[in-house]
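# Results of the structural survey
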Amino acid sequence: MHEAERTGTASDTAAALETGEGLDRLDEEAVRFTSELIRIDTTNRGGGDGRERPAAEYAAERLSDAGLAPRLLESAPGRANVVARIPGTDPDAPALLVHGHLDVVPAEPSRWSRPPFSGEVADGLVWGRGAVDMKGTVAMVLALVRFWARGGLRPRRDIVVAFTADEEDSAAYGAEWLAREHAELFAGCTEAVGESGGHTVHARAADGTPVRIYPVGAGERGTAWLRLSARGTAGHGSKTNTDNAVSALAAAVARIGAHTWPVRLTPVTRAALDGVAAALGVDAPAAGFDPQRDTDALIDGFGAAAELVRPTVRCSSAPTVLEAGGKVNVVPDRASAGIDGRVLPGAEEEFAATLDELTGDRVQWEYQHRSRPLQSPVDAPVFAAMREALLAFDPGAHVVPVCLTGGTDAKQFAELGIAGYGFSPLRLPPGLDHGALFHGVDERIPVEALRFGARVLDRFLRGPS
Ligand SMILES: [Zn+2]
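Computed from a prediction, not measured in an experiment: that's the story for all the values here.

What counts and what doesn't
Residues numbered from 1 in each chain as written. Predicted model: local features only at pLDDT ≥ 70, side-chain atom pairs only at ≥ 80, totals over all residues. Heavy atoms only, no water. Helix = DSSP H or I, 4+ residues; strand = E, 2+ residues; numbered from the N terminus. Rg over C-alpha atoms; globule rule 2.2 N^0.38 Å. Buried < 20%, exposed > 50% of the residue type's maximum accessible area, 1.4 Å probe, protein only. Contact = heavy atoms within 4.5 Å. Donors = N, O, S within 2.8 Å, 3.2 Å for Na, K, Ca; no water. Tetrahedral: all angles 85-135°; square planar, octahedral: opposite > 155°, others 65-115°. Pairing = 2+ DSSP bridges. Axes fitted to C-alpha atoms, helices over the stretch in contact; angles between N-to-C directions. Phe/Tyr/Trp six-rings, centres within 6.5 Å; stacked < 30°, edge-to-face > 60°. Lys NZ or Arg CZ within 6 Å of the ring centre and 35° of its normal. Domains from an automatic or database assignment. Buried area = accessible area lost by both parts, 1.4 Å probe. Salt bridge = Lys/Arg side-chain N within 4 Å of Asp/Glu carboxyl O. Polar contact = N/O pair within 3.5 Å; in protein donor to acceptor, adjacent residues only side chain to side chain. Expected span 1.5 Å × (residues − 1).

## A closer look at the overall build of the chain
Looking only at helices and strands, one finds 13 helices and 19 strands in the chain. In terms of overall dimensions, the chain is globule-like: its C-alpha atoms have a radius of gyration of 24 Å, near the 23 Å expected for 465 residues. Taken along the three principal axes of its C-alpha coordinates, the chain extends 85 × 55 × 45 Å. Among the 465 residues that make up the chain, the fraction classed as buried is 55%. When contacts within the chain are restricted to residue pairs at least 6 apart in sequence, those whose partners lie at least 24 apart make up 79%.

Right, here's the structure in full:
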């Protein structure tokens, strides 16, 4: 950091920070960096096919300009990660990890109304693949770190900034590798903030009034990608065959696809139900609430906010792959299938036992890829600080912890004992569906959302001024 340290003084109110040249430059850089990062094509096609290095170099340069000493760490040629530490003012405070991924999912240009890697800024929006997922956030963090350097400002806690490769595939070249091979860079970190949360969801209260909800990720279902296989007796398709592998497998897949998993409320999903109900003025679960009987009806009453909780009150198991046979008059001796399973915290054993039952005696199943569920405390001071920062810039909104349907890099850092939260603050206007933008066609982000996000992050990371 430059010059004399200065933490915020009492006169530095949030309102005062809304003005001035420093903030203009923070805004300008957040927008420009988003646009420039989008122009660096970091498409991750999976299976090791990706190249984040140019974006990592871009980020490292901007961190160096801010007086930091970023490490550029390559897990394989072209697969680069960046980590830097910003010393806080309180040496006794544990460090906080702020992470964002540099890769993006593929984009099919013919379906877009603007070229997906243009980074064009038009009509108050920055366009392109990665705008919300999640180069916008990476840009906000870069701009913020430079804002602090210019102003001689410092966060209270040590902040470790990590920009990763390969989040959109297995994280094998990114966070998983970093956590395993370079754990020392995260020393002292007790909590982390990353993607999936902190954005506006527009809903309506029971009486019709518009309500703004900010979900903050405080849990993730675990991943259980399964491979099912059945063996049988091969033979001619015209003969009677009571040991047909295809029939056995198909029956098991059908049972799995049709299975309704029981409601399992975890501390996070329970807090989500209570929080959304309170925000909408709907009666919250009270005495006599029977999760199996009453949860679906309660969620149905949440309207536009229902999807914040509906997918995560249960485990799930979606059949996705079928492989068997090759010729219509030949019964093959084996058949296999893939199932995308997602498992709630605490439900791992139940999930496995249910799979044993659903597959039956004829079909074997095994984990092809497995990652554990995550659950972070929703009553921790860090959660209160995220809520406070959001409400400082959007008074009257509601901040609600949610469990994520799938996984993020937070899972990898959890291996180091770091509690992960989904917090990439963005204020979105009604009509811009955050969920649809993720991995979607015409991904874009409002300039205003980036301005808001940079301010909320600043307040969260430095504390109320
Ligand atoms: Zn993402």
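## Comments concerning the environment of Thr 43
Inspection of the secondary structure assignment puts Thr 43 in the loop between helix H2 (21-39) and helix H3 (53-65). Residue classification places Thr 43 among the buried positions, given a relative accessible area of 6%. Taking the C-alpha atoms as reference, Thr 43 lies 9.4 Å from Gly 130; in sequence the two are 87 residues apart. For Thr 43, the residues in contact, after removing those within four places along its chain, are Asp 49, Gly 50, Arg 51, Val 104, Val 105, Pro 106 and Phe 117.

## Describing the coordination of the zinc ion
Each protein donor to the zinc ion is listed here as His 101 (NE2), Asp 133 (OD), Glu 195 (OE) and Glu 195 (OE); together their distances run 1.8 to 2.7 Å. Relative to the metal, the four donor atoms surrounding the zinc ion lie at angles of 52 to 153°, and the coordination shape comes out irregular. Summarised as a motif, the one-chain spacing of the donors to the zinc ion is H-x31-D-x61-E. Placement of the pair is His 101 in strand S3 (residues 95-101) and Asp 133 in helix H4 (residues 131-151), with a sequence separation of 32 residues.

## A short note on the sheet that holds strand S4 (residues 121-122)
Taken in spatial order, the three strands line up as S4-S5-S19 in an open sheet, and their pairing is antiparallel. Whereas interior strands pair on both sides, the edge strands pair on one side only; in this sheet they are S4 and strand S19 (444-446). Where S4 lies against strand S5 (residues 125-127), two bridges are found, and the strand directions are antiparallel. For Ala 122, the partnering residue across the bridge sits in S5 and is Leu 125. Packing against the sheet, H2 makes contact with S4, S5 and S19, and its axis sits at approximately 15° to S5. Here helix H13 (residues 447-462) sits on the sheet in contact with S4, S5 and S19, set at roughly 65° to S19.

## Some details on the sheet that holds strand S12 (residues 316-324)
Hydrogen bonding along the main chain pairs the strands of a sheet, whether they run parallel or antiparallel. If you trace the four strands from one edge of the open sheet to the other, you get S12-S14-S10-S15, paired in antiparallel fashion. One side of each edge strand has no neighbouring strand; the edge strands of this open sheet are S12 and strand S15 (363-371). Across this sheet, the average inter-strand angle for adjacent strands is 20°, counted without regard to direction. Where strand S10 (residues 222-231) and S15 come together, eight bridges link them in antiparallel fashion. By the bridge assignment for S15, Trp 225 is matched with His 369.

## With respect to the packing of aromatic side chains
Enumeration according to the criterion identifies seven aromatic pairs in this entry. For Arg 114, the ring lying beneath its charged end belongs to Trp 127, and the centroid distance is 4.5 Å. Here the basic side chain of Arg 444 rests over the ring of Trp 127, its NZ or CZ set 5.3 Å away from the ring centre.

## Considerations on the domain arrangement of the chain
It is common to give the size of an interface as the accessible area lost on bringing the parts into contact. Here the domain parsing of the chain yields domain 1 (10-203 + 374-461) and domain 2 (222-271 + 309-371). On a C-alpha basis, the centres of domain 1 and domain 2 stand 36 Å from each other. Domain 1 puts 13 residues into the contact, and the matching count from domain 2 is 13 residues. Among the residues domain 1 hides against domain 2, the three largest losses belong to Gln 375, Cys 403 and Thr 405. Together they make up 50% of the total. At the surface where domain 1 touches domain 2, the tally comes to zero salt bridges.

## So, the environment of Glu 108
Here Glu 108 lies in the loop between S3 and S4. Overall, the relative accessible area of 46% leaves Glu 108 in the partly exposed class. In this structure, the C-alpha to C-alpha distance between Glu 108 and His 259, residues 151 residues apart in sequence, is 34 Å. Of the polar contacts made by the side chain of Glu 108, one reaches the side chain of Ser 110; its length is 2.9 Å.

## A short note on unusual backbone geometry
Note: most residues except glycine have negative phi, and most peptide bonds are trans. Here the amide bond leading from Asp 133 into Met 134 is cis, since omega sits at -10°, within 30 degrees of zero. Its place among the elements puts Met 134 in helix H4. Of note in this structure, Asp 123 is not a glycine but carries a positive phi near 55°. Note on placement: Asp 123 falls in the loop between S4 and S5. The class for Asp 123 is exposed, based on a relative accessible area of 68%. The backbone of His 439 shows a phi angle near 65°, a positive value even though the residue is not glycine. The class for His 439 is partly exposed, based on a relative accessible area of 41%.

## Some points on H13
Think of an α-helix as 3.6 residues a turn; residues three or four steps apart then line up on the same face. Taking 1.5 Å of rise per residue, the 16 residues of H13 would be expected to cover 22 Å, and the 23 Å separating its terminal C-alpha atoms lies within 8% of that figure. In terms of residue burial, H13 counts as a mostly covered element, since 14 of its 16 residues are buried. A positive phi of about 90° marks Gly 463, the residue just after H13.

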